[in-house]
Amino acid sequence: MCLAVPGRIVSIDDHDGTLMSVVDFGGIKKDVCLEYIPDAEVGQYVVVHVGFALQRLDEESAMRTLAEFEHLGVLREEFSDGFELAAQQAGVDNPNSPPNGNSGVKP
């Protein structure tokens, strides 16, 4: 699943001519491209889809949406390692886990 998720801009920087930011999605921080809304500012909330901030969002709406996503487990699904999540759901070891015997799958 790939959703548009609200997050708060933590920092803004230029990366090789591309306007980028770090966005906090309820405790999960990701790099996000700001080229579609270049006048966005630190502290503002934006809606992000596949790594691109698409529009601004007011804080109340962003917090309400993040709380609902958290309640539904959507943030974990959207931002976690897809192979690890699939392995957990299937009750098997993740083939991409390090060979130390600890796959992160709970018995």
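Residues numbered from 1 in each chain as written. Predicted model: local features only at pLDDT ≥ 70, side-chain atom pairs only at ≥ 80, totals over all residues. Heavy atoms only, no water.

## Topic: the confidence of the model for the protein chain
Our working rule: Known as pLDDT, the predictor's confidence for each residue is given on a scale from 0 to 100. Any two residues whose heavy atoms approach within 4.5 Å are treated as being in contact.
Confidence in the prediction of the protein chain, expressed as mean pLDDT, is 82, and 74% of residues score 70 or more. The low-confidence segment residues 101-107 (pLDDT under 50) makes 12 contacts with residues lying over four places distant or belonging to another chain.

## A few points about the packing of aromatic side chains
What counts, and what does not: Two rings from Phe, Tyr or Trp (for Trp, the six-membered ring) form a pair when their centres are within 6.5 Å of each other. A pair whose planes differ by under 30 degrees is stacked, one over 60 is edge-to-face, and the rest are tilted. Only DSSP runs of H or I covering at least 4 residues are called helices, and only runs of E covering at least 2 are called strands; the numbering of each starts at the N terminus. Burial classes: relative accessible area under 20% of the type maximum marks a residue as buried, over 50% as exposed, and values in between as partly exposed (1.4 Å probe, protein chains only).
Taken as a whole and assessed by the stated rule, the structure comprises one aromatic pair. Their ring planes at 45° and their centres at 5.5 Å tell us that Tyr36 and Phe52 sit as a pair that is tilted. With Tyr36 in the loop between strand S3 (28-33) and strand S4 (45-49) and Phe52 in strand S5 (residues 52-57), the pair connects residues that are 16 residues apart, well separated along the chain. For Tyr36, a relative accessible area of 57% puts it in the exposed group.

## Observations regarding the pattern of salt bridges
Under the convention used in this document: Salt bridge, as used here: a side-chain nitrogen of Lys or Arg that lies within 4 Å of a carboxyl oxygen of Asp or Glu.
One pass over the full model with this rule turns up two salt bridges. Of the charged contacts in the structure, one is a salt bridge between Arg56 and Asp39, with a shortest N-O distance of 2.5 Å. With a gap of 17 residues between them, Arg56 in strand S5 and Asp39 in the loop between S3 and S4 connect regions that are remote in the sequence. The exposure class assigned to Asp39 is exposed, which follows from its relative accessible area of 54%. Among the salt bridges present, the one from Glu60 reaches Arg64, with a minimum N-O distance of 3.3 Å. With a gap of four residues between them, Glu60 and Arg64 both fall in helix H1 (residues 59-72), about one helical turn apart. Both residues of the pair, Glu60 and Arg64, belong to the exposed class.

## Looking at the pairing of S3
Under the convention used in this document: A pair of strands counts as paired when DSSP detects no fewer than two bridges linking them.
Two strands pair when backbone bridges link them, and strand S2 (residues 18-25) and S3 are joined in this way by six bridges, in the antiparallel orientation. Note that in S3 the partner of Phe25 across the bridge is Ile28. Here S2 folds back onto S3, and the loop between the two strands holds two residues, one of which, Gly26, carries a positive phi near 60°.

## Digging into unusual backbone geometry
In this structure, Asp16 is a non-glycine residue whose phi angle is positive, near 55°. Here Asp16 falls in the exposed class, since its relative accessible area comes to 85%. Backbone geometry at Val50 places phi at a positive 40°, although glycine is not the residue there. Its place among the elements puts Val50 in the loop between S4 and S5. Val50 sits in the exposed class, given a relative accessible area of 53%.

## Quick word on the environment of Val32
Looking at where Val32 falls in the secondary structure, it is placed in strand S3. Those residues in contact with Val32 that lie beyond four places of it in its chain are Leu19, Met20, Ser21, Val23, Phe25, Val48, Gly51, Phe52 and Ala53.

## Observations concerning the side chain of Asp24
Let me state the cut-off plainly: Charge counting treats Lys and Arg as positive and Asp and Glu as negative, with His and both chain ends excluded. Whenever two N or O atoms come within 3.5 Å, that pair is a polar contact, provided that in protein one can donate a hydrogen and the other can accept it, and provided that, for residues adjacent in sequence, both atoms are side-chain atoms.
Take Asp24: it is sitting in strand S2. The buried charged residue Asp24 lacks any salt bridge partner; its closest oppositely charged side chain belongs to Arg8, at an N-O distance of 4.4 Å. Within the structure, the side chain of Asp24 is placed 3.2 Å from the backbone nitrogen of Gly26, a separation counted as a polar contact. Polar contacts involving the side chain of Asp24 include one to the main-chain amide nitrogen of Gly27, which spans 2.6 Å. Not counting chain neighbours up to four residues away, the residues in contact with Asp24 comprise Gly7, Arg8, Val10 and Lys29.

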